[in-house]
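Here's the letter readout for the chains.
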Amino acid sequence: MDKIIIRRATKEDIGLVRDLVMELAIFERAPEEVTSSLDDYIQEGFSDNPLFSANLIYLNDKLAGFSLWYYRFSTWKGRRFYLEDLYIKEAYRGKGLGKYLINEAIEEAKRMKCTGMMWQVLDWNQPAIDFYNTLGVKMDAGWLNVHLDL
C-alpha cells in the first residue's frame, strides 16, 4: 500500500516549494513570469505576519507536489481561502494525490472559518478542469483576470 503524507511546509522547505513553483511555471508555459526570489518566499511566508502557507505531499517518501494558499476578504462573502497553486509532479499524476491536497485545503478553509474557496485554472488544462468538476465547483463565466505589474 502506498504511503501518502501531507505536511505543512517549513522555512527549511522553501527551496523545495520554489522548485515546484518553477516546475508548475514550465508546465503552464510561462517560466519567465516567475520573478520572486527565495528571499521573497522566506520573508513573505515565514515572517511574524505571513502572507501565505503551503503544504507538501509525499508518496512513499518522495516529494510529489504542493499546494500554496492565502486568505482574502470578499466584501460580499467575507473570509475566503485562495488556492494560489496546486501542482503534482508529472510522474505522480493520476494517483489521486491532487484530491488529497485539495481535500486538505478544503479542511483548512473550514478550520479557518472561511466562507468558501477560490482558485484559477487555465482554460486549456482539461484534465484539471475535469478534476475540479468532480468536486462540484462553479466556474465563473464573464470574469476576466486583471493585473497591473508594478
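Residues numbered from 1 in each chain as written. Predicted model: local features only at pLDDT ≥ 70, side-chain atom pairs only at ≥ 80, totals over all residues. Heavy atoms only, no water.

Participant: How would you sum up the overall build of the chain? Please name residues and give values.
Facilitator: Looking only at helices and strands, the chain has 4 helices and 5 strands in total. Reading the chain from its N terminus to its C terminus gives the helix and strand order β-α-α-β-β-β-α-β-α. Expected size for 150 residues packed as a compact globule is a radius of gyration near 15 Å; at 15 Å, the chain falls within 12% of this value. Projected onto its principal axes, the C-alpha positions of the chain cover 45 × 35 × 35 Å. Within the chain, the proportion of its 150 residues that are buried is 33%. Long-range contacts, defined here as pairs at least 24 residues apart, represent 57% of the contacts in the chain between residues at least 6 apart. (Helix = DSSP H or I, 4+ residues; strand = E, 2+ residues; numbered from the N terminus. Rg over C-alpha atoms; globule rule 2.2 N^0.38 Å. Buried < 20%, exposed > 50% of the residue type's maximum accessible area, 1.4 Å probe, protein only. Contact = heavy atoms within 4.5 Å.)

Participant: I'd like a description of the nonpolar core, backed by residues and values.
Facilitator: Ranked by internal contacts, the top residues of the largest apolar core, which has 17 residues, are Phe-81 and Leu-97. Within the residue set of this core, elements represented by two or more residues are strand 2 (53–59), strand 3 (62–74), strand 4 (78–88), helix 3 (97–111) and helix 4 (126–133). At 5 residues, helix 3 tops the list of elements feeding residues into this core. When neighbours within four sequence positions are excluded, Phe-81 is seen to be in contact with Trp-69, Tyr-70, Tyr-71, Ala-105, Glu-108, Ala-109, Cys-114, Gly-116, Met-117 and Met-118. One finds Ile-14, Leu-20, Ala-54 and Leu-56 within the second-largest nonpolar core, a separate group that totals 15 residues. (Core = buried A, V, L, I, M, F, W, Y, C linked by side-chain atoms within 4.5 Å.)

Participant: Can you explain the sheet that holds strand 5 (residues 117–118)? Please cite residues and give values.
Facilitator: If you walk across this open sheet you meet the 5 strands as 1-2-3-4-5, and the pairing is mixed. Pairing within the sheet leaves two strands with one partner each, and these edge strands are strand 1 (4–8) and strand 5. By the bridge criterion, 7 bridges tie strand 2 to strand 3 in an arrangement that is antiparallel. In the strand pairing of strand 3, Leu-59 is matched with Lys-62. Against the sheet, helix 1 (residues 14–27) contacts strand 2, strand 3 and strand 4, and its axis sits at roughly 85° relative to strand 3. Against the sheet, helix 3 touches strand 1, strand 2, strand 3, strand 4 and strand 5, its axis set at about 160° to strand 4. (Pairing = 2+ DSSP bridges. Axes fitted to C-alpha atoms, helices over the stretch in contact; angles between N-to-C directions.)

Participant: So what's going on with helix 4? Residues and values would help.
Facilitator: The complete set of buried residues in helix 4 reads Ala-128, Ile-129 and Tyr-132. All buried residues of helix 4 fall inside an arc of 100° around its axis, so they share one side. Looking at the buried positions of helix 4, the neighbouring elements they touch are strand 4 and helix 3. (Arc of directions from axis to C-beta.)

Participant: Residue-level account of the environment of Asp-2, with values.
Facilitator: Looking at the secondary structure, you find Asp-2 in the segment before strand 1. Separated by 57 residues in sequence, Asp-2 and Leu-59 place their C-alpha atoms 6.8 Å apart. Those residues in contact with Asp-2 that lie beyond four places of it in its chain are Leu-59 and Asn-60. In this structure the side chain of Asp-2 is engaged in a polar contact, spanning 2.9 Å, whose partner is the side chain of Asn-60. (Polar contact = N/O pair within 3.5 Å; in protein donor to acceptor, adjacent residues only side chain to side chain.)

Participant: Residues and numbers for the packing of aromatic side chains, please.
Facilitator: How two aromatic rings sit relative to each other is set out by the distance from centre to centre and by the angle between their planes. Within the structure shown, the criterion is met by 7 aromatic pairs. Relative to Tyr-132, the ring of Phe-131 has its centre 5.4 Å away and its plane inclined at 45°; by these criteria the two rings are tilted. Ring pairing ties together the aromatic residues Trp-69, Tyr-71 and Phe-81, which thus form one cluster. Taking NZ or CZ as reference, Arg-29 lies 3.9 Å from the ring centre of Trp-124, over its face. The positively charged end of Arg-93 is found above the aromatic ring belonging to Phe-27, 4.7 Å away from the centroid. (Phe/Tyr/Trp six-rings, centres within 6.5 Å; stacked < 30°, edge-to-face > 60°. Lys NZ or Arg CZ within 6 Å of the ring centre and 35° of its normal.)

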